[in-house]
Amino acid sequence: LYSTLPTHLAGDMFTLPHLQTTYERVMGTKLDKVTFRRRLLQELDVLEAVPGVTQGGAHRPAQVYRLKREYMH
């Protein structure tokens with residue numbers, strides 16, 4: 001069900017909320033936040049956190065991720 005193709009549409013670096021929005025637009029359906037994160041981060045294991053890079057507010061900034069090198073085409 002999940003492909004790495006939408007990650008290429010999200011840019012070189014992205015937050016998980018941004019990536020989820022990209023997937024939802026490609027798939028044409030809303031995705032459950034918890035399931036989406038678990039699939040990409042644990043089951044597929046295709047993303048890596050960019051060390052020291054966050055985006056957003058001061059209270060709880062979002063971690064920035066990128067596709068692991070072995071999945072870049």
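Above: the structure in question.
Residues numbered from 1 in each chain as written. Predicted model: local features only at pLDDT ≥ 70, side-chain atom pairs only at ≥ 80, totals over all residues. Heavy atoms only, no water.

> Any chance you could explain the overall build of the protein here in plain terms?
In terms of regular secondary structure, the protein is built from three helices and three strands. In sequence order, the secondary structure elements of the protein are arranged as α-β-α-α-β-β. Relative to its length of 73 residues, the protein is compact, with a C-alpha radius of gyration of 12 Å against a globular reference of 11 Å. Once the C-alpha set of the protein is aligned to its principal axes, its extents read approximately 35 × 30 × 20 Å. A burial count over the protein gives 30% of its 73 residues as buried. Residue pairs in contact within the protein that sit at least 24 positions apart in sequence constitute 38% of those at least 6 positions apart. Entry remark: accessible area of the protein is about 5100 Å², with carbon and sulfur atoms responsible for 51%. (Helix = DSSP H or I, 4+ residues; strand = E, 2+ residues; numbered from the N terminus. Rg over C-alpha atoms; globule rule 2.2 N^0.38 Å. Buried < 20%, exposed > 50% of the residue type's maximum accessible area, 1.4 Å probe, protein only. Contact = heavy atoms within 4.5 Å. Areas by Shrake-Rupley, 256 points an atom, 1.4 Å probe, with all protein chains shown as cover.)

> Just checking my understanding: could you explain helix α3 (residues 33-43) for this structure?
An α-helical segment advances 3.6 residues per turn. Residues three or four places apart therefore align on the same side. One side-chain oxygen at the N-terminal end of α3 lies 3.3 Å from the backbone nitrogen of Val 34; it belongs to Asp 32. Looking one or two places after α3, you find Asp 45, whose phi comes out positive at around 50 degrees. (Polar contact = N/O pair within 3.5 Å; in protein donor to acceptor, adjacent residues only side chain to side chain.)

> What's the story with the packing of aromatic side chains in this structure? I'm lost.
Going through the model one piece at a time under the given rule, you end up with one aromatic pair. Plain terms: the ring middles of Tyr 23 and Phe 36 are 5.2 Å apart, the flat faces sit at 70 degrees to each other, and that makes the pair edge-to-face. Within this pair, whereas Tyr 23 is found in helix α2 (residues 16-27), its partner Phe 36 is found in helix α3, the two being separated by 13 residues in sequence. With a relative accessible area of 1%, Tyr 23 lands in the buried category. (Phe/Tyr/Trp six-rings, centres within 6.5 Å; stacked < 30°, edge-to-face > 60°.)

> What should I look at first to understand the pairing of strand β2 (residues 47-55) in this one?
As judged from the five bridges shared by β2 and strand β3 (residues 62-67), these two strands associate in the antiparallel manner. For Ala 49, the partnering residue across the bridge sits in β3 and is Tyr 65. What sits between the antiparallel neighbours β2 and β3 is a turn of six residues, in which Gly 56 has the positive phi angle 115 degrees. (Pairing = 2+ DSSP bridges.)

> How should I be thinking about the side chain of Thr 7 in this particular structure?
Structurally, the position occupied by Thr 7 is in helix α1 (residues 5-9). For Thr 7, a relative accessible area of 2% translates into the label buried. Apart from the residues lying within four places of it in its own chain, the contact partners of Thr 7 are Phe 14, Leu 19, Tyr 23, Leu 47 and Leu 67.

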